[in-house]
Amino acid sequence: MNIPSSERLEKVYGESTKSAERFRVLAENFKKKYGHDEAEFFSAPGRTEIIGNHTDHNGGKVIAGSIDLDTIGAAQLNNSSVIHITSEGYAKEIVVDITKLDSVAKVSGTEALLAGMMEGAGKFGFKVGGFDAYVSTNVIAAAGVSSSASFEMLVCTIINHFFNEGAMSCADYAKIGKYSENVYWNKASGMMDQMACAVGGPVLFDFSNGSQPQYRPLSFSFEKKGYRLVIVNTGKGHADLSEEYSGIPNEMKEAAKVLGVELLCETGLDDLLAHVNEIPNDRAVLRAIHFFEENRRVDEMAAAIEADDIDAVLRLVNESGTSSWELLQNCYSLQNCKEQKITLTLALTELFLKGGGGVCNGIRNGVCRVHGGGFAGVIMCLVPLAEADNYVDYIAKYVGSSNVYPMNIRAVGAVRV
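Residues numbered from 1 in each chain as written. Predicted model: local features only at pLDDT ≥ 70, side-chain atom pairs only at ≥ 80, totals over all residues. Heavy atoms only, no water.

Participant: I would appreciate a short explanation of the pattern of salt bridges in the present structure.
Facilitator: A side chain with one charge can pair with a side chain of the opposite charge if their charged atoms come near. Scanning the entire structure with this criterion turns up 19 salt bridges. For the salt bridge of arginine 287 with glutamate 251, the shortest nitrogen-to-oxygen distance reads 3.0 Å. In this pair, arginine 287 is assigned in helix H9 (residues 282–306) and glutamate 251 in helix H7 (residues 242–258), connecting sequence segments 36 residues apart. Here glutamate 293 ties to arginine 296 by a salt bridge, and the two come within 3.0 Å at their closest N and O atoms. Note that glutamate 293 and arginine 296 are positioned in helix H9 at a spacing of three residues, about one turn of the helix. With a relative accessible area of 31%, arginine 296 lands in the partly exposed category. Several salt bridges share partner residues, and in doing so they unite Glu21, Arg24 and Glu28 into one network. (Salt bridge = Lys/Arg side-chain N within 4 Å of Asp/Glu carboxyl O. Helix = DSSP H or I, 4+ residues; strand = E, 2+ residues; numbered from the N terminus. Buried < 20%, exposed > 50% of the residue type's maximum accessible area, 1.4 Å probe, protein only.)

Participant: How should the pairing of strand S6 (residues 202–206) be read in this particular structure?
Facilitator: The side chains of a regular strand alternate, residue by residue, between the two faces of the sheet. Among the five residues that make up S6, four are buried, leaving the element largely enclosed by the rest of the structure. With five bridges connecting them, strand S2 (residues 61–77) and S6 associate as antiparallel partners. Its bridge partner lying in S6, glycine 65 is registered against proline 202. Relative to strand S7 (residues 214–217), S6 runs antiparallel, the two sharing four bridges. Counted as the bridge partner of aspartate 206 is glutamine 214 from S7. (Pairing = 2+ DSSP bridges.)

Participant: Please clarify how helix H11 (residues 341–354) should be interpreted in this entry.
Facilitator: For an α-helix the count is 3.6 residues per turn, leaving residues at separations of three or four pointing the same way. The end-to-end C-alpha distance of H11 is 20 Å, a good match for the 20 Å that 14 residues give at a rise of 1.5 Å each. Against strand S8 (227–233), helix H10 (310–328), strand S9 (367–370), strand S10 (378–384) and helix H12 (385–399) lie the buried residues of H11. Positive phi appears at glycine 355, one or two residues downstream of H11, with a value of about 115°. (Expected span 1.5 Å × (residues − 1). Contact = heavy atoms within 4.5 Å.)

Shown next, in the form of structure tokens:
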């Protein structure tokens, strides 16, 4: 069985040696499991949220980027109505009959996610059908870099290629993923995770236009500016925290309702301040303030990127992280407030960056912040290249070396390889 060419791998990964070996193993496992002699190959990255924490679901703005951790798949048509997906490392095969989607329980899990996507694709006017796929991923699961959205975008790329002649857009992919999470997982997700995984590269998103988000690529590289992006898994995932995660958009909408609108993007900070005493939920007010200030920071960062001002970029990432900690309040769960892996890892990282680790001093020497949904999972750090290895060794003493991920922004989103 052929694997993707070196030229295609270079375009996606910037190299063709390690990636070729991954796809060779994938192809062997696919043939062994399903017996196909030929396959099509697909890749969908995870994502990093640079700034714009929890704004997309209220029509806000985000700067995010795909990362060089991805989900890859080998797939082929099976001329039936049944989808079979085997995920490397998991014994149970995912099986969904697209003619019997009503029989799939709407509970958290991959089978429900896949069924919801097939239902969503049909509702949005796209064709679906049966296929076999073998999937492998190195995206951190349940930790804020969107392993679920990466899987969703991989599946969308597969059905776009096999059944829709490439007619589906990145926004279509994102709508399908959002529909599945909202309806089949009862998770009040927006479209940011899916869009960032689908589009690729650093991108400025504006979600104020509902199901048709506006976006434009940004020309920027942390590495070229002398910084390494490091994602640190703090030791506990957020898969069991859907209620707290959903509480953020719900409370923002609670504040918006008092202001006479559905979403916060339809109003402004001045209007909120004029009605603070009419909103009984103080945390909803704080989260709304975060939304408006975060939107302002996103615009400022887009301008800073265009001006090639790395100092302003670092300052804004730091301010955004502080706002998430103090106003958005998604750095630890109230279910067990004594377990604070995010805040502990942030505090340890700040000691390193400010000199407590014996190395750095001041914001110019790096920043850190909660990453993604929050409450548990991962933090994001921007560390000077010269100190990146030192930071990895330092933080690994607390979280383990297998939980520290130096990485780069990937230029290519969800794609047939």
